[in-house]
Amino acid sequence: MNRSVVSALLASALLFGCQPSPASTPAPVRKAVFILLDGIPADVIEQVPTPALDAIAAEGGYARAHVGGELGGPTETPTVSAPGYMSLLTGTWANKHNVRGNSNQSPNYDYWNLFRIVEAADSTLVTAIFSTWLDNRTVLVGEGRPNAGAFHLDHAADGFELDTVAFPHDRASAYIRAIDEHVAERAAAYIAERGPDLSWVYLQHTDDAGHAHGDSEAFHVAVQEADRRVGRIWAAAQRRARLGEQWMVVVTTDHGRDARTGKGHGGQSARERTTWMVINQRPLTPRFTSGAAAIVDIAPTILQHLRIAPPVAVAKAMEGVSLVGAAGRR
């Protein structure tokens, strides 16, 4: 090969080497919000028109699910609100998380909750809670408690049941309905404006309506109102998605209701244990589509979406599994 050809090849190689490499597409930012509508059994959510839930499910799916752990086994968990929340948050049943009622709670913080896992993995991620109950954050999540990880959420809109000036209490629990409206508005506004990485929205009024009216038109109206509140939060997540963020939205309940009147819960009847989920993701696993999903599956599902791996010991203690296939489209 003559000298001129070699020189040309060297010049070409040098020129190619100096060219900027094609810009790599940054991975989309992943966000998640889970919404818990208190005390709505699956047969009711399937009977009452719920256009917002239907819209979310259209992008992923709807399925019956269960709470309560293994019937008659060591994981059996009361079908009561706080135990349900803790099963969701920790991916474990009551024999581990140790919450068996709505009062005098002594959570076992050795079983990490979603917020602790996310904060420990990356403290720059923005976490938020929107809730009637202050205890959801200060006791169940254990914000600021040394034995719960001493972490703090970035944003909280909660404790409104303690504000008797803005929400004067009444026997009919109309104040809980007003609080739910406020919580949903605050959640939708913050999500639309700030796009937190992980959020929990808790809405209570459906359970109060169930206790007061049982299976009735009044209960169905409360469910439809809850669906409208979910619609505001869903619209906020969609707005963020148009900015290029990938949002996982999960909506569920914490327990069903008794079969006789629909006013009570806490036992292990089929109706009290049978719940439901909607999620805006695909592909969904056979566990979800077959109706075998449990409330403990939500935490690992969200962590998979956020691409966060909990510490090995924490992951091994979880009794749930992800409900979205590894090749999820979002």
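Position numbers for residues start from 1 in each chain and track the written sequence from start to end. Two thresholds apply to this predicted model, a pLDDT of at least 70 for residue-level local features and 80 or more for giving and counting side-chain atom pairs, whereas whole-chain, interface and lining totals are computed over all residues. As a convention, hydrogens and water are excluded, and side-chain values are obtained from all of the structure's heavy atoms.

A.B. asks: With reference to specific residues and values, describe the environment of Leu323.
C.D. replies: Counting from the N terminus, the helices are DSSP H or I runs at least four residues long and the strands are E runs at least two residues long. Looking at where Leu323 falls in the secondary structure, it is placed in the segment after helix 14 (312-317). Burial classes follow relative accessibility: with a 1.4 Å probe on protein chains only, a residue under 20% of its type's maximum area counts as buried, one over 50% as exposed, and anything between as partly exposed. Note on Leu323: relative accessible area 2%, which makes it buried. The sequence separation of Leu323 and Ala222 amounts to 101 residues, and the corresponding C-alpha distance is 29 Å. Setting aside its immediate chain neighbours within four residues, Leu323 contacts Met277, Pro283, Leu284, Thr285, Arg287, Phe288, Ala293, Asp297 and Thr301. By the convention used here, residues are in contact when the closest approach between their heavy atoms is within 4.5 Å.

A.B. asks: Describe helix 3 (residues 51-59), and please don't skip the residues or the numbers.
C.D. replies: Those residues of helix 3 not exposed but buried are Ala52, Leu53, Ile56 and Ala57. The arc enclosing the buried residues of helix 3, seen along the axis, measures out at 135 degrees, which places them on a common side. Exposed side chains of helix 3 directed beyond 90 degrees from the buried face belong to Pro51 and Ala58. Residues of helix 3 that are buried make contact with helix 2 (42-47), strand 2 (61-66), helix 10 (217-241), strand 6 (246-252) and strand 7 (274-279). What the arc measures is the spread of directions leading from the helix axis to the C-beta atoms.

A.B. asks: Before we move on, could you go through the nonpolar core and cite the residues and values that matter?
C.D. replies: Generally speaking, soluble globular proteins have nonpolar side chains that are buried together. Throughout, nonpolar core names a set of buried Ala, Val, Leu, Ile, Met, Phe, Trp, Tyr and Cys residues whose side chains join them through atoms within 4.5 Å. With 48 residues, the main nonpolar core has Phe34, Phe115, Trp200 and Ile302 as its most contacted residues. For Ile302, the residues in contact, after removing those within four places along its chain, are Ala32, Phe34, Leu114, Leu198 and Met248. Counting 43 residues, the second-largest nonpolar core is a separate cluster that includes Val44, Ala157, Ala187 and Ala188.

A.B. asks: Quick one: what's the story with the pairing of strand 3 (residues 127-130), residue by residue and with numbers?
C.D. replies: Residues Thr127 and Ile129 line one face of strand 3 and the alternating positions Ala128 and Phe130 line the opposite face, and both faces are buried. Pairing analysis gives 4 bridges linking strand 3 to strand 5 (residues 198-203), with the strands arranged parallel. Residue pairing across strands places Thr127 opposite Leu198, the latter belonging to strand 5. Strand pairing is defined by DSSP finding a minimum of two bridges between the two strands. As paired strands, strand 3 and strand 4 (residues 155-157) are joined by 3 bridges and run parallel to one another. Bridge assignment links Phe130 to a residue of strand 4, and that residue is Ala157. By the criterion used throughout, a crossover qualifies as right-handed when its path from the first strand across the helix to the second strand runs clockwise, the strands pointing away from the viewer. With helix 7 (residues 135-140) bridging strand 3 and its parallel neighbour strand 4, the resulting β-α-β unit is right-handed.

A.B. asks: Can you lay out the packing of helix 3 against helix 10 for me, pointing to particular residues and giving the numbers?
C.D. replies: Interhelical geometry of helix 3 versus helix 10 gives an angle of 40 degrees and a closest axis separation of 7 Å. Taken together, the axes of helix 3 and helix 10 are oblique relative to one another. Contacts between helix 3 and helix 10 involve Pro51, Ala52, Leu53, Ala55, Ile56 and Glu59 on the former and, on the latter, Asp227, Val230, Gly231, Trp234 and Gln238. The convention used is that axes are lines fitted to C-alpha atoms, helices contributing only their stretch in contact, and that angles between N-to-C directions extend from 0 to 180 degrees. Any angle from 65 to 115 degrees is called roughly perpendicular, while one under 35 is roughly parallel, one over 145 is roughly antiparallel, and all others are oblique.

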